[in-house]
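# Understanding the architecture of this molecule
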Amino acid sequence: MDYKDLYKLSKEAREFSYSPFSGFSVGAALLCTDGSVFTGCNIENSSFSLTNCAERTAFFKAVSEGKRNFKAIAISGGKDSADAPCFPCGACLQVMSEFCRKDFKIILSDRIVTLAELIPYSFKL
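The structure contained in this document is the topic of the report that follows.

### Some words on the sheet that holds strand E3 (residues 70–78)
Pairing is mixed in the open sheet, where five strands are placed in the order E2-E1-E3-E4-E5. Since the sheet does not close on itself, it has two edges, and those belong to strand E2 (37–41) and strand E5 (111–114), each with one partner. Sheet twist, expressed as the average angle between the axes of neighbouring strands with direction ignored, equals 20 degrees. Here strand E4 (residues 105–108) runs beside E5; their pairing, made up of four bridges, is antiparallel. Looking at the pairing, isoleucine 106 lines up with valine 113 of E5.

Put into structure tokens, the structure is as follows:
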């Protein structure tokens, strides 16, 4: 799958966001190495600490279906538009580092970064 198509899927997933408190809707599309894709959206809770991010929703759906090998994730988010880069939070990066290699690709609107670029000291040298 082309990364532009993956980003488009993240924008579609964003439409299902439940974000009545922040108004910040996020969608994610996770590409497995076998070509399957799992999407997710952020789901807020009034306690905020029980909120789940779009990226973790996609990962948890994939892992719960037996997937463990991932190639890339596209993330789109924002209050009004999904066109600005929407970086993953620390909790999502931690989940990514649990399941992904350092060359795992993160597609953020107009740029592609690797997991190692966002958390360079979490991988063994």
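From this point, the discussion proceeds with the structure in view.
### What to know about the packing of aromatic side chains
Both the distance between ring centres and the angle between the ring planes are used here to describe each pair of aromatic rings. For the structure on display, the rule yields five aromatic pairs. With a centroid separation of 6.4 Å and an interplanar angle of 90 degrees, the aromatic rings of phenylalanine 70 and phenylalanine 99 are classed as edge-to-face. Here the residue phenylalanine 70 occupies a position in strand E3, and phenylalanine 99 occupies one in helix H3 (residues 90–99), the gap between them amounting to 29 residues. The exposure class assigned to phenylalanine 99 is partly exposed, which follows from its relative accessible area of 28%. Through pairs of rings, three or more aromatic residues link up here, namely Phe59, Phe70, Phe99 and Phe104.

### Brief notes about the nonpolar core
Counting residues in each nonpolar core, the largest one holds 25 residues, and the members touching the most others are Phe59, Phe70, Ile73, Met96, Phe104 and Ile106. Counting residues per element, this core draws most heavily on helix H2 (residues 54–64), which supplies five residues. Setting aside residues up to four positions removed in sequence, methionine 96 forms contacts with Glu55, Phe59, Ile73, Ile75, Pro88, Phe104, Ile106 and Leu115. If you look at the next biggest cluster of nonpolar residues, it comprises eight residues, including Leu6, Tyr7, Ala29 and Ala72.

### What about the pattern of salt bridges?
For the coordinates displayed, the defined rule picks out four salt bridges. Ionic pairing is found between lysine 11 and aspartate 83, a salt bridge with its closest N-O pair at 3.3 Å. Placement of the pair is lysine 11 in helix H1 (residues 3–14) and aspartate 83 in the loop between E3 and H3, with a sequence separation of 72 residues. The partner of aspartate 110 in a salt bridge is arginine 111, and the shortest N-O contact between them spans 3.8 Å. Taking the relative accessible area as the measure of exposure, aspartate 110 reaches 61% and is therefore exposed. What makes arginine 111 partly exposed here is its relative accessible area of 38%.

### Some words on the pairing of strand E1 (residues 25–32)
The element E1 is largely enclosed, with a buried count of eight among its eight residues. In the sheet, E1 pairs with E3 via eight bridges, with the strands oriented antiparallel. Within the sheet, the bridge partner assigned to leucine 30 lies in E3 and is isoleucine 73. With five bridges connecting them, E1 and E2 associate as antiparallel partners. Residue pairing for E2: glycine 27 is matched across the bridge by cysteine 41.

### Considering the side chain of asparagine 42
Considering the arrangement of structural elements, one finds asparagine 42 in the loop between E2 and H2. Assessed through its relative accessible area of 7%, asparagine 42 is described here as buried. A polar contact is formed between the side chain of asparagine 42 and the side chain of serine 17, at a distance of 2.6 Å. Aside from chain neighbours lying at most four places away, what touches asparagine 42 is Ser17, Tyr18, Ser19, Phe24, Ser25, Val26, Asn52, Cys53 and Ala54.

Parameters at a glance
Residue numbers here run from 1 along each chain, matching the order of that chain's written sequence. Per-residue local features of the predicted model are confined to residues with pLDDT of at least 70, and side-chain atom pairs are confined, for both listing and counting, to 80 or more; whole-chain, interface and lining totals are unaffected and use all residues. Heavy atoms throughout the structure, all of them, feed into the side-chain values; hydrogens and water do not. At least two DSSP bridges between two strands are needed for those strands to be called paired. Secondary structure elements follow DSSP: runs of H or I of four or more residues count as helices, runs of E of two or more count as strands, with numbering from the N terminus. Angles run from 0 to 180 degrees between N-to-C directions of axes, and those axes are lines fitted to C-alpha atoms, restricted for helices to the stretch in contact. For this analysis, a ring pair means two rings from Phe, Tyr or Trp (six-membered ring only for Trp) whose centres lie within 6.5 Å, classed as stacked if their planes differ by under 30 degrees, edge-to-face if by over 60, and tilted for the remaining angles. Three exposure classes are used, based on accessible area relative to the maximum for each residue type with a 1.4 Å probe and protein chains only: buried under 20%, partly exposed in between, and exposed over 50%. We call a set of buried residues a nonpolar core when its members are Ala, Val, Leu, Ile, Met, Phe, Trp, Tyr or Cys and they connect through side-chain atoms within 4.5 Å of each other. Here, two residues are considered to be in contact whenever any of their heavy atoms come within 4.5 Å of each other. Within this document, salt bridges are pairs made up of a side-chain nitrogen of Lys or Arg and a carboxyl oxygen of Asp or Glu, the two lying within 4 Å of each other. N or O atoms closer than or at 3.5 Å make up a polar contact, with two conditions inside protein: a donor-capable atom paired with an acceptor-capable one, and, for residues adjacent in sequence, both atoms drawn from side chains.

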